[in-house]
Each structure stands twice: as C-alpha cells, then as structure tokens.
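Examination of the molecular architecture
Residue strings, one per chain:
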Amino acid sequence: MEKILTFSIAAYNVEKYLEKLLQSIVCTPNHEMVEVLVVSDGSTDRTIQIAKDYEQKYPETVRLIDKENGGHGSTINRGIKEAKGKYFKAIDGDDWVDSLALEKLLNCLPEIDSDLVLMDYKTCYEGGEDVLEKTANIEPLKTVDFDNVISKIPYMRYHAVIYRTQMLQDNKIMLDEHCFYVDSEFMLYAIPFIDTITYIPYALYCYRIGLGEQSVSVAGRRKHITDGDRVEASLLKFYRELPKTISENRKKYIENGIAAHCTFHINSLMLCEESKEIKQKIIQLDHNVKRQSLQIYNNMNQMSRTVWLLRKTSYLAYSFIQHHKMKNNQ
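Residues numbered from 1 in each chain as written. Predicted model: local features only at pLDDT ≥ 70, side-chain atom pairs only at ≥ 80, totals over all residues. Heavy atoms only, no water.

1. Concerning the overall build of the chain
As a reminder of what qualifies: Secondary structure counts use DSSP, requiring at least four H or I residues in a row for a helix and at least two E residues in a row for a strand, with both numbered from the N terminus. Note on definitions: a residue-residue contact is assigned when non-hydrogen atoms from the two residues lie within 4.5 Å.
From N to C terminus, the chain includes 12 helices and 10 strands. Long-range pairs, those at least 24 residues apart, make up 82% of the contacts in the chain with a sequence separation of at least 6.

The following block contains the structure:
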C-alpha cells in the first residue's frame, strides 16, 4: 500500500519508551497508511529488539534501521533518505503520538497537497499535567500561500511540523551530525522552499519533558555547550547564503528563528559554572552575531529581556503566594 506519512524515530537507548511510541501509532485503525522507520543510532540496550518485535508483528508498517551512532541529526538525515511516505514526520524515541489525533490526520492527509502541514502538540510533564500548545492563527484545513501567513505563525517547533518528503529530498535538507540541538536546523533549512501550508488543529505530538537525561535539562545543556556553538555557526552560514530573492517575510522569520537558538545557547552558557572560558564564549557569541546581522542581534536581545521579565514575574508571583500562605498560617 502506498504510504501517506513516514514517521522517522530517533532511537538511541530508548527501551523504556519505544514501545509506548510504537503502540500509539499501530493502534490506530488506519495505521497501514503509515511507514514507521525506527532509526537506531547505535543503541546498546533493548531498543533494537523492541523494534524487531514490532517489525515482525507489523511488517507492512514498521521497519528497523540499525546504524552506527551519529547523533540526532544523523537519524533525521537517514530517515529523509529512506522515507517512502508522501509526508515526513520526525519524532524522538522517548515521545509518543496521540492516537486519535493521528487517526484524524490520516483521514485528512489524502486531500492535502501542501509543502508543510502544521499541527498543534502537547507538552507532557513527567509527573505533571499535559499542556496544549497552539501553533498558528490561520484558517484550519485550508491550503494557503506560505508567504501570506508566515507572519501569523510564531516560531514553529520541531514537534509541530510535517514536511512534504519530496521537498526535503529534492532540496537535500541535511542536518549536522554528531551534534545536539539540530532541531533549529530542521525548522529553518526548509523555509526557503515552502510554497504552501495547511494547518490541522489537532495535537498529534506528545512531547515528554522532565527527564534528567534530556538534552534540554540543565545537566544536558551544560554537557553539550560545544554543540550549541556548532549549530550557531551552521545557522549563521545558512543565513549568509540565503538567496537575495527570498521574501522579506521569510527572511524575518529566519532571523527570528536564529535569534531563538542563540538566546537558548547564551542562556545555556550562563547555566555553566563561571569560568574565564565561559565568559569568553559569551562575549564571542555576542560579538559574532552582532557582526553578522544586527537584526538577529536585536531580536536576540529582545528575547533575552523577555525571558528575564518572565522569570522575574514568576519569582514575584511565587513570593506573593508564599507571603500570603505564611500570613494565613499565623
């Protein structure tokens, strides 16, 4: 059967989570429309065996790709190369999908012919509540010109996008390998090539947050500082090489996206133990961005101020609540 959607699963030592993800896909009534590529990135736990079990049980849907370790970007690169579905969805092996939303999506996709399908998603806190994340303020289930609506879309997240596979393959979209934080590259490298977009207002992706080993944890951000440097350099190179014909709306969107990565990276540097080397990295990042693009630099500073204000507001709110708790207990 011709596949309408490929899930490319970045699977590195995810034995604790992979079965939940695979089951959330194959339990949907129309899962035969889906291709699931489990890209094991040099796993040493039971990840490969779990994938083999599902491959044997669902041979028309699940396929294991066992390769040497190359990092998150390498799993997406391999997934793009191998994908047979009309649309391509990257997903991390410790996350999962909402099965009902997937069923609805698969009912919609055959009638859609956009370069980008944008969906809502859920942030799922370990031991906490799920939070619905809305991604766009555009008319749902309608194919529209990307340039006309890009200003209505906040910075798109990795969890929200589904690309036309042929667009990724034809334009040779490739991410850095042996590197974390390449989701910024995945979100921006395709922007020059998207002509049309369709927004489907269902929360498909369930993004697990709160695991100590995640790259976005404080420990992970400290550990992978040099990866942030690499992605920053790659994004700025991509920006310098943008075609002069690119629309102003797309250029602004890309500037904002690069600023978001740089803000994240400079905040990661500030989480590290204070040292001469870290101070120098912060100064170099600041000077480098300012030298290459004043607009990205200004966007980055605005984002940093916003983060600071949010933190201050949260602290004041917490202090206010604690004060009244103490007062009521007196």
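2. Considering the layout of surface pockets
Formally: Using a 1 Å grid laid over the protein atoms alone, points where a 1.4 Å probe fits but cannot get out form a cavity; open sets with protein on both sides within 12 Å along at least 5 of 7 lines form a pocket; any residue with an atom within 4 Å of a point counts as lining. Grid points are joined across faces, edges and corners, and a volume is the space filled by probe spheres set on the points. Under the scheme applied, nonpolar residues are Ala, Val, Leu, Ile, Met, Phe, Trp, Tyr, Cys and Pro; charged residues are Asp, Glu, Lys and Arg; polar residues are all the others, including Gly.
Taken as a whole, the second largest pocket holds about 260 Å³ of empty space. Taken together, 13 residues form the lining of the second largest pocket, with Tyr-189, Ser-234, Lys-237, Phe-238 and Glu-241 sitting closest to its centre. Its residues assigned to classes, the lining of the second largest pocket comprises 8 nonpolar, 2 polar and 3 charged.

3. Topic: the pattern of salt bridges
Put simply, the rule is: A side-chain nitrogen of Lys or Arg and a carboxyl oxygen of Asp or Glu constitute a salt bridge if their distance falls within 4 Å. Any residue under 20% of the maximum accessible area for its type is buried, any over 50% is exposed, and the rest in between are partly exposed; the area is computed with a 1.4 Å probe on protein chains only.
In the structure shown here, the tally under the stated rule is 15 salt bridges. The salt bridge involving Lys-281 is made with Asp-229; its shortest N-O contact spans 2.5 Å. Of this pair, Lys-281 sits in helix α11 (residues 276-292) while Asp-229 sits in helix α9 (residues 225-240), and the two are 52 residues apart along the sequence. Here Lys-281 falls in the buried class, since its relative accessible area comes to 19%. Between Lys-237 and Glu-241 there is a salt bridge whose closest N-O contact spans 3.0 Å. Residue Lys-237 is classed as partly exposed on the basis of its relative accessible area of 42%. One salt-bridge network, in which partners are shared between bridges, spans Lys-86, Asp-113, Asp-115 and Arg-164.

4. Focus on the packing of α9 against α11
To be explicit about the condition: All axes here are fitted lines through C-alpha atoms, helices being fitted over the stretch that makes contact, and every angle between N-to-C directions spans 0 to 180 degrees. Each angle is binned into one of four classes, with values under 35 degrees roughly parallel, values over 145 roughly antiparallel, values of 65 to 115 roughly perpendicular, and all other values oblique.
Following both chains from N to C, one finds α9 and α11 inclined at 10°, their axes separated by 11 Å at the closest point. Regarding the angle of α9 to α11, the classification is roughly parallel. Here Ile-225, Asp-229, Glu-232, Leu-236, Tyr-239 and Arg-240 of α9 come into contact with α11, specifically with Lys-281, Leu-285, Asn-288, Val-289 and Gln-292. Taken together, the residues of the contact of α9 with α11 break down into 5 nonpolar, 2 polar and 4 charged.

5. A word on the packing of α9 against helix α10 (residues 248-271)
Definition in use: By definition, any crossing whose near helix is turned counterclockwise from its far helix by less than a right angle is left-handed, and any crossing with a clockwise turn is right-handed.
Here α9 crosses α10 at 160°, and the two axes come no closer than 10 Å. When the interaxial angle is binned, α9 and α10 end up roughly antiparallel. In this structure, the crossing between α9 and α10 has a hand that is left-handed. In contact with Ile-225, Gly-228, Asp-229, Val-231, Glu-232, Leu-235, Leu-236, Phe-238 and Tyr-239 of α9, α10 contributes Lys-251, Ile-254, Glu-255, Ile-258, His-261, Cys-262, His-265, Ser-268 and Leu-269.

6. A short note on the environment of Lys-20
In this fold, Lys-20 is placed in helix α1 (residues 18-26). As a C-alpha pair, Lys-20 and Val-97 span 77 residues in sequence and 9.0 Å in three-dimensional space. Each residue touching Lys-20, except ones within four places of it in the same chain, is listed here: Trp-96 and Arg-208.

7. A few points about unusual backbone geometry
Trans peptide bonds make up the majority, and among non-glycine residues the majority have a negative phi. Positive phi values are uncommon outside glycine, yet Leu-141 reaches one of about 55°. Here Leu-141 lies in the loop between β7 (130-133) and β8 (143-145). Classification of Leu-141 as partly exposed rests on a relative accessible area of 48%.

8. Let's talk about the packing of aromatic side chains
In plain terms, the rule: Between rings of Phe, Tyr and Trp, where Trp is taken as its six-membered ring, a pair exists when centres lie within 6.5 Å; planes separated by under 30 degrees are stacked, by over 60 edge-to-face, and by other angles tilted.
Going through the model one piece at a time under the given rule, you end up with 9 aromatic pairs. Centre to centre, the rings of Tyr-163 and Phe-186 are 5.1 Å apart; their planes meet at 80°, and the pair counts as edge-to-face. Pair noted here: Tyr-163 is in strand β9 (residues 161-164) and Phe-186 is in helix α7 (residues 183-188), with a separation of 23 residues, a long-range link. When the ring of Tyr-181 is compared with that of Phe-264, the centres are 5.3 Å apart and the planes differ by 65°; the resulting orientation is edge-to-face. In this pair, Tyr-181 is assigned in the loop between α6 (165-170) and α7 and Phe-264 in helix α10, connecting sequence segments 83 residues apart. Judged by relative accessible area, which is 25%, Phe-264 ranks as partly exposed.

9. Description of helix α3 (residues 72-82)
In terms of burial, α3 is largely enclosed, as 8 of its 11 residues are buried. Listed in full, the buried residues belonging to α3 are Gly-73, Ser-74, Thr-75, Ile-76, Asn-77, Gly-79, Ile-80 and Glu-82. The inward-facing, buried residues of α3 abut β1 (5-11), β2 (34-41), β3 (62-67), β4 (87-92), α6 and α7.

10. Some thoughts on the confidence of the model for the chain
This is how the line gets drawn: Note: pLDDT gives the predictor's confidence per residue, expressed from 0 to 100.
Overall, the predicted model of the chain reaches an average pLDDT of 88, with 88% of residues at or above 70. In this model, residues 307-330 is a region of pLDDT below 50 whose contacts with residues beyond four sequence positions or in other chains number 1 contact.

11. Quick word on the pairing of strand β10 (residues 196-209)
Counted only if it meets this: When DSSP locates at least two bridges between a pair of strands, those strands are taken to pair.
The element β10 is extensively covered by neighbouring structure, given that 11 of its 14 residues are classed as buried. Note: strand β5 (residues 96-97) against β10, 2 bridges, orientation antiparallel. Counterpart to Trp-96 in the pairing with β10 is Cys-206. Examined bridge by bridge, strand β6 (residues 116-125) and β10 share 10 bridges and lie parallel to one another. In the sheet register, Tyr-121 faces β10, and the bridge partner there is Tyr-205. Bridge analysis of β8 against β10 gives 3 bridges, and the strand direction is antiparallel. Of the residues in β10, the one forming a bridge with Val-144 is Ile-197.

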